[in-house]
Amino acid sequence: MEIVDIVPPVLKDNVIVTTVDSLFKWAHGNSIWPLSSGLACCAIEMMSTAAARFDLSRCGYAVFRPCPRQADLLIVAGTLTWKMTPPLIRLYEEMPEPKYVIAMGSCAIAGGPFADSYSVVPGIDKVMPVDVYIPGCPPRPEALIEGMLKLKEKIMHPERVEAAGKQVAEG
Ligand code: SF4
């Protein structure tokens with residue numbers, strides 16, 4: 001029996017039935033707080049994304065937090081050097097669970113134009129888990145918003161992301 005079957009027919013147009021799990025996912029996906037942190041030029045685009053022109057509030061990402069203890073999204077925007085890695089990992093570890101990471105720009109994804117350098121990390125997934133990758137040098141604010149919406153979909157509908165991943169793997 002479906003859970004919706006327990007609702008009397010006369011109330012079906014006026015009652016929404018859901019699960020606590022779905023409610024939490026919906027609430028969480030619509031209230032993500034990114035950490036205010038940037039490493040290099042991609043961070044300028046991240047700042048533009050938070051400015052009035054792009055109105056990030058309509059996507060549920062309005063509140064950039066200056067403290068990792070109040071944030072659940074780390075946007076790694078820019079070139080990560082080995083020297084900067086320990087402070088960045090410390091910020092990540094201070095964020096409460098569940099937490100997410102976006103790799104913004106080709107430097108964060110794979111070292112970008114500095115991939116062969118002795119000092120640059122060739123992709124932040126070498127040092128922390130990544131949920132969404134946004135290519136570009138730099139990605140525009142619209143691309144960051146698209147990536148943020150993908151993360152929201154991953155939080156609210158993980159089964160869709162899993163199914164898409166299987167299709168890619170099978171294809
Ligand atoms: S991807 Fe391009 S714009 Fe972004 S930090 Fe690297 S060099 Fe700068």
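Bear in mind that the values here come from a model prediction, so they are computed numbers and not experimental data. (Residues numbered from 1 in each chain as written. Predicted model: local features only at pLDDT ≥ 70, side-chain atom pairs only at ≥ 80, totals over all residues. Heavy atoms only, no water.)

Enquirer: An account of the packing of aromatic side chains is needed here, citing residue identities and associated values.
Expert: In total, this model carries 0 aromatic pairs according to the counting rule given. For the cation-ring pair, K99 lies above Y92, with the distance from its terminal atom to the ring centre recorded as 4.4 Å. (Phe/Tyr/Trp six-rings, centres within 6.5 Å; stacked < 30°, edge-to-face > 60°. Lys NZ or Arg CZ within 6 Å of the ring centre and 35° of its normal.)

Enquirer: Just give me the short version of the side chain of S37, but keep the residues and values in it.
Expert: Relative to the helices and strands, S37 resides in the loop between α1 (20-29) and α2 (42-50). Look past the residues within four positions of S37 in its chain and what remains in contact with it is M46, L74 and I75. (Helix = DSSP H or I, 4+ residues; strand = E, 2+ residues; numbered from the N terminus. Contact = heavy atoms within 4.5 Å.)

Enquirer: Can you lay out the nonpolar core for me, pointing to particular residues and giving the numbers?
Expert: One finds Y61, L73, I75, I102, M148 and L151 to be the most contacted residues of the largest nonpolar core, which totals 21 residues. Secondary-structure elements contributing two or more residues to this core are α2, β1 (73-77), β2 (100-104), β3 (132-134) and α5 (141-156). The element contributing the most residues to this core is α5, with 5 residues. In this structure, Y61 is in contact with I32, P34, L56, L73, M148, L149, L151 and K152, ignoring residues within four places of it in sequence. By size, the runner-up hydrophobic cluster in this structure holds 15 residues, among which are L88, Y92, V101 and V121. (Core = buried A, V, L, I, M, F, W, Y, C linked by side-chain atoms within 4.5 Å. Buried < 20%, exposed > 50% of the residue type's maximum accessible area, 1.4 Å probe, protein only.)

Enquirer: Give a description of the packing of α1 against α5 that names residues and reports values.
Expert: Packed helices, taken two at a time, are described by their axes: the angle between them and the distance between them. Contact geometry for α1 and α5: axes closest at 8 Å, N-to-C directions at 165 degrees. What the angle tells us is that α1 and α5 run roughly antiparallel. Read as a crossing pair, α1 and α5 show a hand that is right-handed. Contacts between α1 and α5 involve K25, W26, H28 and G29 from the former and K152, I155 and M156 from the latter. Partitioned by chemical class, the residues of the contact of α1 with α5 number 3 nonpolar, 2 polar and 2 charged. (Axes fitted to C-alpha atoms, helices over the stretch in contact; angles between N-to-C directions. Parallel < 35°, antiparallel > 145°, perpendicular 65-115°, else oblique. Left-handed = near helix turned anticlockwise from the far one by under 90°. Nonpolar A, V, L, I, M, F, W, Y, C, P; charged D, E, K, R; others polar.)

Enquirer: Lay out the site of the ligand with the relevant residues and their values.
Expert: The immediate surroundings of the ligand are formed by A40, C41, C42, G78, T79, S106, C107, G136, C137 and P138. Considering only residue class, the shell around the ligand consists of 6 nonpolar, 4 polar and no charged. (Near = heavy atom within 4 Å.)

Enquirer: Outline the layout of surface pockets, listing residues and values.
Expert: Considered as a void within the structure, the largest pocket measures approximately 160 Å³ in volume. Residue classes in the lining of the largest pocket are distributed as 2 nonpolar, no polar and 4 charged. (1 Å grid on protein atoms, 1.4 Å probe; cavity = no way out; pocket = protein on both sides within 12 Å on 5 of 7 lines; lining within 4 Å. Points joined across faces, edges and corners; volume = space filled by probe spheres on them.)

Enquirer: Just give me the short version of the sheet that holds β1, but keep the residues and values in it.
Expert: Taken together, the 3 strands give an open sheet; going across it, the order is β1-β2-β3, and neighbouring strands pair in parallel fashion. The two strands at the open ends of the sheet, each matched to only one other strand, are β1 and β3. Averaged over all pairs of adjacent strands, the angle between strand axes in this sheet comes to 15 degrees, irrespective of strand direction. As judged from the 3 bridges shared by β2 and β3, these two strands associate in the parallel manner. Considered in β3, the bridge of I102 is made with V132. Packed onto the sheet, α2 meets β1 and β2 and runs at close to 135 degrees relative to β1. (Pairing = 2+ DSSP bridges.)

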